[in-house]
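Here are the chains, one letter per residue:
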Amino acid sequence: MDNETKQKINKRYERELNRGERFWPDSIFKDLIVSLGIFVLLIMLATFIGVDAQPRVDPSDTTYIPRPEWYFLFLFKFLAIYGQIPVLGKIEWLATVAVPGLVILVLALMPFIDRNPNRYYGKRVLPISVMAIIVVDIVMLTIMADVPTVTENGSMLPGILQAIAGMVIPLVAIILLFLMTFVFRKTSTKTMIWTAAISAILTIGLTGGVLAWFPVPATTETAVATTLVDQISAGQDLYSVNCVECHGDDGKVTKIEGVKGLEGKLIPAINSTDVLYTLDDATLAEVIAYGRPEAGMTPFGKAYGGQLSTSDIENIVTFMRYTWDDRFEAPKLKPLYPPLAAGEVPSYDVHIAPIVKRYCLSCHQAGKQNNNYLMDTYDDILKTGDQAPNVTAGDENSTLLKVIEGTPIPDPKDPTQTLIRAMPPNGHMSPDIINVFKLWIMNGMPQTAEDAAKLSVTPTPGAGSTGTPATTPTP
Amino acid sequence: MWKNVYEWLDERLGLNDLYKNLLDRPEPKGNWWNTLGSAALFLFILQGVTGIFLTVYYTPSPDHAYDSINYIMNGVAFGWLIRGIHHWGATLMVVVVFIHMLRVFVTASFKYPRELTWLIGIGLFLVTLGMGFTGYLLPWNQQSYWATTVGTQIAGSVPFIGDFILKVLRGGSDLSALTLQRFFSAHIWMLPAALAGLIGVHLYLIIKHGESNFPSKED
Ligand code: HEM
């Protein structure tokens, strides 16, 4: 740049200063308002949205889908789209290093590339249009980030459409703009603006299409337990499903019953001080993860082919400590089910499901020895099992009721043999819980809380019940 | 009385000169887009303050990082607020810095005499992204662990020296306690120091050349 231009620029700036404002207070005032607004916004975000709790690190869980900070998502999408290109797509560093590096370099050297001294927008259509196209592209790639490039049934269509929206259209538009400026020369400003606008509209439209046609697969977001109470209950649930089978709902079992291959095996009671004092948290976690394969306890950790993540195992250990280890004082926990008022009928959703989960599900799930009686859903409880139906509404002699009351069912062909043992085979439930089952079965086995409320008898008149026939009208 | 105190201080500190040189400057007619730089500065300071509070409880070791964050969220009074502000502040800072850069680009404020301001700005942008990248690993949860695994892998795809970069970033061939320690050190010492230094030069240059005017047909 020659000195004359520099002087012209400086003169012009001088003039602007003379009809401008003071830094203090005029500019600072605006700055403070914006900063204050940002501060308030941040407090609102922190209060009302907060920070999502994430599960603990689990290096063995290679199925975890990595997700970077959202402002890097567009790069991830760019890499995914690029990776589909035949041949070129195999040369990874072109997309990971060369392209981003080049973009940053061009951006950094902007003052030396764009040497024309004009600053007015109308005289800088090329750089502004190109930047606009790139920014729109970045935003759209971010929005599309969660849509996979290949559908479940192997169709490449979403990937191809994404490539057109996120790569082909912007690239073609940018090349056209450069051609217009440097090769055709005479192109009007209007045409260039239209080129940029149309490419942006196409990119946005196609992105909308991709989102509409290929829904983002639902991620199974499991709630992460962060408070001690939540961790203990999460641990208890996991323990119920995975361990009750062999160790009983209270960890007391010393002789395994009702488990194929381990019938009658003697084991240490894992709620005893013997076990809890000798094994520290890390060892307990290791026992659960690795199991005791030689003794019959299967591995549970994902690293060894099981189902449980590090967080899960951690929660089970926490549950064991706070429930059985007398050196730990348990915080107040939620009861297994809300206590029943007089005349209230229990429902499956509110009462039976949590009880079944704690006491029965460990054995009564697919793949276990249980006479094909699955208890994971309302319908399965009613319909499955070799002796199906195991429960009949209003039937006091339902098989399920009998066995949980501690009466084994004899084999009809040979009455000296038991067909079904008392349930659970490794200990029995408290009378309160058995009573909940009984009330539920005798009152028609309602599934939802609303159904149960309709069946409930309210002893005190006007307590919200919609007049069940059982209540006598009050004078 | 106050006047005397002020005069005494002014004699030793030169408050009046400071006021004249820093605050009482002429500026071209202002524009709301020009507040974004100072908004980025505000966010940088806010991140610094909340970050310092977080280090009181945060422990950068694989065994304790997760639990210490958990404790900050549930055990420390207003810990959730401090972490919430730091978390969202990081997001907002990237957005604000990016839009600040866009406005400088659109108004062509990077042209003579502000070329160096722009170059320093690019440095600021990259370091800000670096802050986001290193900070993301610190909670040491699934998301951060795997995102960093992939992120460092990408850095490791540079031809020839990729392997070296990968090892430098991770402190070995795998993510480990060393990686966490390194990212922590980068996040609270190296990058903020670089950021502070660059911001200092950036601000000096802005005061030296003055805020550019909004371009009109004459420019
Ligand atoms: C941590 C990040 C940053 C901070 C704290 C910061 C701070 C500031 C401040 C306070 C101003 C004056 C007010 C304004 O024009 O908004 C400014 C102006 C400027 N910034 Fe930044 N900035 C940052 C990042 C960037 C980036 C990423 C770029 C571009 C690559 C950049 C380039 C410029 C330029 C060229 C000016 C002069 C603008 C003019 O005179 O009109 N800055 N910056």
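Residues numbered from 1 in each chain as written. Chains lettered and ligands numbered in written order. Predicted model: local features only at pLDDT ≥ 70, side-chain atom pairs only at ≥ 80, totals over all residues. Heavy atoms only, no water.

(A) Summary view of the overall build of chain A. Summing up its helical and strand segments, chain A has 18 helices and 3 strands in all. Taken over C-alpha atoms, the radius of gyration comes to 34 Å for chain A, far larger than the 23 Å a tight globule of 475 residues would show. With the principal axes as the frame, chain A shows a C-alpha extent of 110 × 70 × 45 Å. Across the 475 residues in chain A, those meeting the buried criterion constitute 38%. Long-range contacts, defined as pairs at least 24 residues apart, comprise 57% of the intrachain contacts of chain A with a sequence gap of at least 6. Carbon and sulfur atoms make up 63% of the accessible area of chain A, which totals about 26,700 Å². One finds the centroid of the 38 positive side-chain charges in chain A at a distance of 15 Å from the centroid of its 48 negative side-chain charges. (Helix = DSSP H or I, 4+ residues; strand = E, 2+ residues; numbered from the N terminus. Rg over C-alpha atoms; globule rule 2.2 N^0.38 Å. Buried < 20%, exposed > 50% of the residue type's maximum accessible area, 1.4 Å probe, protein only. Contact = heavy atoms within 4.5 Å. Areas by Shrake-Rupley, 256 points an atom, 1.4 Å probe, with all protein chains shown as cover. Lys, Arg positive; Asp, Glu negative; His and termini not counted. Charge placed at Lys NZ, Arg CZ, Asp CG, Glu CD.)

(B) A look at the domain arrangement of chain A. Residue and element names in this part refer to chain A. What the domain assignment reports for chain A is domain 1 (55-213), domain 2 (228-324) and domain 3 (348-473). Opposite the 6 residues of domain 1 that make contact, domain 2 presents 6 residues. Three residues stand out in domain 1 for area buried against domain 2, namely R56, D58 and S60, and they jointly supply 74% of the buried area on that side. At the surface where domain 1 touches domain 2, the tally comes to 1 salt bridge. Inspection of the domain 1/domain 2 interface yields 3 residue pairs in polar contact (both at pLDDT 80 or more). Looking at side-chain class alone, the side of domain 1 that touches domain 2 contains 2 nonpolar, 1 polar and 3 charged residues. (Domains from an automatic or database assignment. Buried area = accessible area lost by both parts, 1.4 Å probe. Salt bridge = Lys/Arg side-chain N within 4 Å of Asp/Glu carboxyl O. Polar contact = N/O pair within 3.5 Å; in protein donor to acceptor, adjacent residues only side chain to side chain. Nonpolar A, V, L, I, M, F, W, Y, C, P; charged D, E, K, R; others polar.)

(C) Quick peek at the nonpolar core. Of all hydrophobic cores here, the largest spans 41 residues; its most connected members are I38(A), L42(A), L43(B), V96(B), W118(B) and L195(B). Elements represented by at least two residues in this core include exactly α2 (23-49), α4 (92-108) and α6 (125-144) of chain A together with α3 (36-57), α5 (79-106), α6 (115-137) and α9 (177-209) of chain B. Per-element tally for this core: the top contributor is α5(B), with 12 residues. Contact partners of L42(A), with chain neighbours within four places excluded, come to L43(B), L46(B), I85(B), W88(B), G89(B) and L92(B). (Core = buried A, V, L, I, M, F, W, Y, C linked by side-chain atoms within 4.5 Å.)

(D) Local environment of the interface of chain A and chain B. Each partner contributes residues to the interface: chain A has 78 residues there, and chain B has 81 residues. In terms of surface lost to chain B, no three residues of chain A exceed Y13(A), V51(A) and R119(A), which account for 10% of the buried area on that side. The interface formed by chain A and chain B holds 5 salt bridges in total. Between E218(B) and R12(A) there is a salt bridge, and its shortest N-O distance comes to 3.6 Å. Applying the counting criterion to the chain A and chain B interface returns 32 residue pairs in polar contact (both at pLDDT 80 or more). Only α1 (3-18), β1 (21-22), α2, α3 (73-83), α4, α5 (110-113) and α6 of chain A provide two or more residues apiece to the side of chain A that touches chain B. Looking at which element gives the most residues to the side of chain A that touches chain B, the answer is α2(A), with 18 residues. In terms of residue class, the side of chain A that touches chain B is made up of 45 nonpolar, 14 polar and 19 charged. Relative to strand β1 (residues 26-27) of chain B, β1(A) runs antiparallel, the two being bridged by 2 bridges. Within β1(B), the position partnered with R22(A) by the bridge is P26(B). (Pairing = 2+ DSSP bridges.)

(E) Molecular detail of the coordination of the iron atom of the ligand. Residues and elements named next belong to chain B. Protein coordination at the iron atom of the ligand comes from H100 (NE2) and H202 (NE2), with a distance range of 2.1 to 2.2 Å. Coordination at the iron atom of the ligand is octahedral: its 6 donor atoms span angles of 83 to 179° at the metal. With H100 in helix α5 and H202 in helix α9, this residue pair connects regions lying 102 residues apart in the sequence. A single burial state applies to H100 and to H202, both of which are buried. (Donors = N, O, S within 2.8 Å, 3.2 Å for Na, K, Ca; no water. Tetrahedral: all angles 85-135°; square planar, octahedral: opposite > 155°, others 65-115°.)

(F) Just the site of the ligand, in detail. Residues and elements named next belong to chain B. Near the ligand lie 27 residues; those nearest to it are H100, R103, H202, E211 and S212. Within the side chain of S109, an N or O atom sits 3.3 Å from an oxygen atom of the ligand. Looking at the shell around the ligand, the elements with two or more residues in it are α3, α5, α6 and α9. The biggest single contributor to the shell around the ligand is α6, with 7 residues. When grouped by side-chain class, the residues that make up the shell around the ligand number 13 nonpolar, 11 polar and 3 charged. (Near = heavy atom within 4 Å.)

(G) The packing of α2(A) against helix α2 (residues 15-23) of chain B, seen in detail. Taken N-terminus to C-terminus, the directions of α2(A) and α2(B) make an angle of 60°; their axes are 10 Å apart at the nearest point. The orientation of α2(A) with respect to α2(B), classified from their angle, is oblique. Across the interface between the two elements, F23(A), W24(A) and I28(A) from α2(A) touch Y19(B), L22(B) and L23(B) from α2(B). Grouping the amino acids of the contact of α2(A) with α2(B) by side-chain chemistry returns 6 nonpolar, no polar and no charged. (Axes fitted to C-alpha atoms, helices over the stretch in contact; angles between N-to-C directions. Parallel < 35°, antiparallel > 145°, perpendicular 65-115°, else oblique.)

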